[in-house]
Amino acid sequence: MNFIKAEEFTDSTLVELISDDKYNEELAKRADKVRKAIYGSDVYVRGLIEFSNYCKNDCYYCGIRRSNKNIERYRLDFDELIMCAKIGYKLGYRTFVLQGGEDMAYKDDDICRIVEEIKKIHSDCAITLSLGERSKNSYRAFYNAGADRYLLREETSNRQHYYKIHPSEMSFENRRQCLFDLKEIGFQVGGGFMVGSPYQEDEDLVKDLRFLQELEPDMVGIGPYISQHDTPFKDMENGSYKKTLRLVSILRLMFPYCLIPATTALGTINPFGREEGLRAGANVLMPNLSPTSYRELYSLYDNKICTGDEAAECRSCLELRVKKAGYNIVTARGDVSKTKRFY
Ligand code: 5AD
Ligand code: FES
């Protein structure tokens, strides 16, 4: 196939690129070139604080779904969260990602208080929230409290597919609306999806790419689906590693200025997944900063990396790995480059 510009990708070109392993190298080469031209070899790191594994939702694929009675639940309190951020700051993190299940025990005011406190102590840091669907008013309150970015994966852009992997009580439309609300409020916004989630077709992935073109996100997070033994999808096949890498490259080509992480799920499905993700066009890593005693409880999927004894060392471990892969970690907020954008 003749390689054409990302702007000219048709649906059928995308399906072909997504479906065939023979395109990995060429895509990665092109994506790395685009990434280098905009972000150089810099890799931005985000200190990920998984602050609660309580969740009111019951997504069929996720290990912390509310029906899973086999996991011990935890939530970090205000002091523990602030402590995580302080430790992270000393380690060189200038972005903190507060990620949790949809845990309504944290009222809007609680979230605002946490954001305000971290900003008061570390005014040079960015705060990213990832706590699911809330009202536009709640999002506005978080923004006014000082939160800078918000991550909310759309998960899938095919309505039928959405209801094959989520119970009918959830709303496909609301999730998408949330993303547009967040943008309108002023957040840097991140969408994303799982690659190879049960019942997903390559055409669904194209739909996600088209949705993202409409959203014009600042960040896109993707990772392979990985089964979790306590979910209804426990016997479903994992997503493809190579396909995920191809999609990272396609994202870089279609959204040159986006911040794209090499995710933990990618590093779980392959021991060199995060390094390969960087080579394929990713430019962000999100190492875990949560207290080590809680890390294995945030078990969205099985065999998650960085939850055992080695976990306290993530920062130095990654430093080495990134260097070996030919990139370098920088201590910076790492906001999206807004100088020139094209899709
Ligand atoms: N495998 C891979 N990713 C998962 N997520 C949830 N469950 C799984 C799983 N089993 C992803 C979802 C969610 C993000 C926090 O984690 O895409 O948005
Ligand atoms: Fe966590 Fe290597 S990044 S141990």
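Residues numbered from 1 in each chain as written. Chains lettered and ligands numbered in written order. Predicted model: local features only at pLDDT ≥ 70, side-chain atom pairs only at ≥ 80, totals over all residues. Heavy atoms only, no water.

**Quick notes on the packing of aromatic side chains**
Both the distance between ring centres and the angle between the ring planes are used here to describe each pair of aromatic rings.
Phase 1: Applying the stated rule across the entire model yields 11 aromatic pairs.
Phase 2: For the pair Tyr-39 and Tyr-44, a centre-to-centre distance of 6.0 Å together with 85° between the ring planes defines the contact as edge-to-face. One exposure class covers both Tyr-39 and Tyr-44, and it is buried.
Phase 3: Seen from their ring centres, Phe-180 and Phe-211 are 5.9 Å apart, and the 90° between their planes marks the pair as edge-to-face. (Phe/Tyr/Trp six-rings, centres within 6.5 Å; stacked < 30°, edge-to-face > 60°. Buried < 20%, exposed > 50% of the residue type's maximum accessible area, 1.4 Å probe, protein only.)

**A word on the state of the cysteines**
Phase 1: Across all of its chains, the model carries 0 disulfides by this definition.
Phase 2: Not part of a disulfide, Cys-112 finds its nearest cysteine sulfur in Cys-178, a span of 16 Å.
Phase 3: Using a relative accessible area of 9% as the deciding quantity, one classes Cys-112 as buried. (Disulfide = S-S within 2.5 Å.)

**Quick notes on the site of ligand 1**
Phase 1: As a structural note, the neighbourhood of ligand 1 is formed by Tyr-61, Cys-62, Arg-153, Glu-155, Met-194, Pro-224, Tyr-225, Ile-226, Leu-300 and Tyr-301.
Phase 2: Here Tyr-61 contributes a backbone N or O atom positioned 3.0 Å from a nitrogen atom of ligand 1.
Phase 3: The contact in question runs from an oxygen atom of ligand 1 to an N or O atom on the side chain of Arg-153, over 2.9 Å.
Phase 4: Its free accessible area being 400 Å², ligand 1 has 88% of it covered by the protein chains.
Phase 5: Within the shell around ligand 1, the residues separate by chemical class into 8 nonpolar, no polar and 2 charged. (Near = heavy atom within 4 Å. Polar contact = N/O pair within 3.5 Å; in protein donor to acceptor, adjacent residues only side chain to side chain. Areas by Shrake-Rupley, 256 points an atom, 1.4 Å probe, with all protein chains shown as cover. Nonpolar A, V, L, I, M, F, W, Y, C, P; charged D, E, K, R; others polar.)

**Structural notes on the sheet that holds strand S8 (residues 284-285)**
Phase 1: Across the sheet, which stays open at both edges, the 3 strands sit in the order S8-S1-S9 with parallel pairing between neighbours. Looking at strand neighbours, the two that pair on one side only are S8 and strand S9 (328-330), the edges of this open sheet.
Phase 2: On top of the sheet, helix H13 (residues 314-324) reaches strand S1 (42-45), S8 and S9; it is set at about 135° to S9, its chief contact. (Pairing = 2+ DSSP bridges. Helix = DSSP H or I, 4+ residues; strand = E, 2+ residues; numbered from the N terminus. Contact = heavy atoms within 4.5 Å. Axes fitted to C-alpha atoms, helices over the stretch in contact; angles between N-to-C directions.)

**Considering unusual backbone geometry**
Phase 1: Phi at Tyr-199 is positive, roughly 70°, even though this residue is not glycine.
Phase 2: By secondary structure assignment, the location of Tyr-199 is in the loop between strand S6 (188-195) and helix H8 (202-215).
Phase 3: The exposure class assigned to Tyr-199 is partly exposed, which follows from its relative accessible area of 44%.
Phase 4: Even without glycine at this site, Asn-303 takes up a positive phi of about 60°.
Phase 5: A relative accessible area of 72% means that Asn-303 is categorised as exposed.

**Quick look at the side chain of Thr-156**
Phase 1: Mapped onto the fold, Thr-156 is located in the loop between strand S5 (149-151) and helix H6 (159-165).
Phase 2: A polar atom in the side chain of Thr-156 sits 3.2 Å from the backbone nitrogen of Asn-158.
Phase 3: Setting aside residues no more than four positions away along its own chain, Thr-156 makes contact with His-161, Tyr-162, Ile-165, Phe-172, Arg-176 and Asp-208.

**What to know about the sheet that holds strand S4 (residues 126-130)**
In a beta sheet, neighbouring strands are held together by backbone hydrogen bonds and run either parallel or antiparallel to one another.
Phase 1: Read across the sheet, 6 strands follow the order S2-S3-S4-S5-S6-S7 without closing on themselves; strand pairing throughout is parallel. Of all the strands in the sheet, just strand S2 (47-52) and strand S7 (219-224) have a single pairing partner and so form its edges. Each strand axis lies, on average, 20° off the axis of its neighbour in the sheet, ignoring direction.
Phase 2: Sheet topology note: the S4/S5 ladder contains 2 bridges and is parallel. If you follow Leu-129 over to S5, its bridge partner there is Tyr-150.

**Some remarks on the pairing of S4**
Successive residues of a regular strand alternate their side chains across the two faces of the sheet.
Phase 1: With 5 of its 5 residues buried, S4 lies for the most part within the structure.
Phase 2: Taking every second residue as pointing to the same face, both faces of S4 are buried, with Ala-126, Thr-128 and Ser-130 on one and Ile-127 and Leu-129 on the other.
Phase 3: Direction of pairing for strand S3 (residues 95-100) relative to S4: parallel, over a ladder of 5 bridges. Across the sheet, Thr-95 pairs through a bridge with Ala-126, a residue of S4.
Phase 4: Once you follow S3 into helix H4 (residues 108-121) and on to S4, the crossover reads as right-handed. (Right-handed = clockwise from strand over helix to strand, strands pointing away.)

**Things to note about the pattern of salt bridges**
Phase 1: According to the stated counting rule, one finds 26 salt bridges in the structure shown.
Phase 2: Among the salt bridges present, the one from Glu-50 reaches Lys-304, with a minimum N-O distance of 2.9 Å. Of this pair, Glu-50 sits in strand S2 while Lys-304 is found in the loop between helix H12 (292-295) and H13, placing the two residues 254 residues apart along the sequence. With respect to class, Glu-50 is no different from Lys-304; both count as buried.
Phase 3: We note a salt bridge from Asp-335 to Arg-149, for which the minimum N-O separation is 2.7 Å. With a gap of 186 residues between them, Asp-335 in the segment after S9 and Arg-149 in strand S5 connect regions that are remote in the sequence.
Phase 4: A cluster of three or more residues bridged by salt bridges with shared partners is formed by Lys-119, Asp-148, Arg-149, Arg-333 and Asp-335. (Salt bridge = Lys/Arg side-chain N within 4 Å of Asp/Glu carboxyl O.)

By themselves, these are just geometric observations and shouldn't be taken as functional.
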